[in-house]
Amino acid sequence: MPTPRVALAHLPTPVEPMDRLGAALGFDPGELWVKRDDCTGLAGGGNKARKLEYLCADALAQGCDTLVTGGGAQSNHARMTAAAANKLGLGCTIVLAADEEVPAGNVVLDVVLGAEIVWAGPLGYRATEAAIEGAYARLAAAGRRPYLMPIGGATVVGALGYVDAADELVAQLPDVDLVVVAGGSGGTHAGLVAGLGDHAKVLGVNVGARRDLAEAVSLKAAEVADLRGRPSPSGTVQVDDARVGAGYGMATQDGGDALEMTARLEGLILDPVYTAKAMAGLIAARRDGRIAPGQRVVFLHTGGMPALFATGHRALSESPGSPPAPPSSPS
Ligand SMILES: *Cc1c(COP(=O)(O)O)cnc(C)c1O
């Protein structure tokens, strides 16, 4: 039986040429494109909308009444889960791994959406997952029927949304050689590979949420393909681990440069935590020849703009005297 899905996202997302940025990087016209998954809707858009279509369908199928998830204070997934809950008439509890702060960026939207926010203090990845499980247990004990989503909605069911995205892209643009995507949990990357059928067609750029990203993507891509009834993807996983800088949520010089270059040549806004590092990975791959001349490349814009309004422009590059970087645990 196919896994159920509820409609939450604005689909299909547009695919647009980036010929001005392309020219600056030595691409011919028609070789560099962006797929606008920053335009999926759900209170600001981003890649989590596609995951939530499957996760929320699963929650409804199980008769759950409250969505529970969490992440860093600037979690895009938490914000979009709160929006999905409202659209479906469910409750929502989000656990944010920070001390309570004046709302900025995604947190403004969390507050407007009315989600119950649990400020869990500055926790690492595993401790944040444990705090989400704690919130789940508290709600269950109070007689609710909670549905637990890990940080980033990073389950195989969630990644099914990116098998769909791969099919959508293939129908929109023929002969795509490579998709470049930011990698947090790796679920988005894994879903794309499962859909495209070949690891050679996706380059994931590690943003520093997990050290074992390549291994995780490799395992998850096979699992997602299996769940969707597709052959296990061929080839070897491709991950760029060199764009992380000082860690997750910490700005890098090449990321800040990529963000400014994309804004100034294309009018396209990236986010400081994910897509700026992913674009830096694309630029590096073009410059050192891993992306060869003549290849047709698609940058998957996974969203995240609200975090920009919590970061401040000066924090975009790693310069001495940058203000403290934002979230310490992933979304
Ligand atoms: C969550 C997120 C990602 C990472 O997605 P994964 O599937 O966890 O790898 C990338 N970009 C943005 C803007 C995100 O919010």
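Everything in this summary refers to the structure shown in the same document. For clarity, every value in this text was computed on a predicted model and none was experimentally measured. (Residues numbered from 1 in each chain as written. Predicted model: local features only at pLDDT ≥ 70, side-chain atom pairs only at ≥ 80, totals over all residues. Heavy atoms only, no water.)

So, the nonpolar core
The tendency in soluble globular proteins is for nonpolar side chains to be buried side by side.
Part 1 of the reasoning: Of all hydrophobic cores here, the largest spans 32 residues; its most connected members are Met18, Leu32, Val180, Met279, Leu282, Val297 and Phe299.
Part 2 of the reasoning: Among the elements that make up this core, the one with the highest residue count is helix H10 (residues 275–287) (seven residues).
Part 3 of the reasoning: Residues within four places of Phe299 in sequence aside, it is in contact with Met18, Trp33, Val34, Lys35, Val180, Leu270, Thr275, Ala278, Met279 and Leu282.
Part 4 of the reasoning: Within the second largest apolar cluster, 28 residues are counted, among which are Leu42, Ala85, Ile94 and Met149. (Core = buried A, V, L, I, M, F, W, Y, C linked by side-chain atoms within 4.5 Å. Buried < 20%, exposed > 50% of the residue type's maximum accessible area, 1.4 Å probe, protein only. Helix = DSSP H or I, 4+ residues; strand = E, 2+ residues; numbered from the N terminus. Contact = heavy atoms within 4.5 Å.)

As for the sheet that holds strand E1 (residues 15–17)
Part 1 of the reasoning: The mixed open sheet is built from six strands, whose spatial order is E1-E2-E10-E7-E8-E9. Pairing within the sheet leaves two strands with one partner each, and these edge strands are E1 and strand E9 (239–240).
Part 2 of the reasoning: Relative to E9, strand E8 (residues 202–206) runs parallel, the two sharing two bridges. Across the sheet, residue Gly204 finds its bridge partner in E9, namely Val239.
Part 3 of the reasoning: Across the face of the sheet, H10 comes into contact with strand E2 (32–36), strand E7 (178–183), E8, E9 and strand E10 (297–301) while running at roughly 170° to E10. (Pairing = 2+ DSSP bridges. Axes fitted to C-alpha atoms, helices over the stretch in contact; angles between N-to-C directions.)

Details of the sheet that holds strand E5 (residues 116–119)
Part 1 of the reasoning: Reading across the sheet, the four strands line up as E5-E4-E3-E6 and stay open at both edges, with parallel pairing between neighbours. Looking at which strands have only one partner, the edges of the open sheet turn out to be E5 and strand E6 (146–148). For this sheet, the mean inter-axis angle between neighbouring strands, taken without regard to orientation, is 25°.
Part 2 of the reasoning: Bridge count between strand E3 (residues 66–71) and strand E4 (residues 91–96): six bridges; the pairing is parallel. Bridging from a neighbouring strand, Leu67 pairs with Cys92 of E4.
Part 3 of the reasoning: Strands E3, E4, E5 and E6 of the sheet are contacted by helix H5 (residues 125–141), whose axis makes an angle of about 160° with E3.

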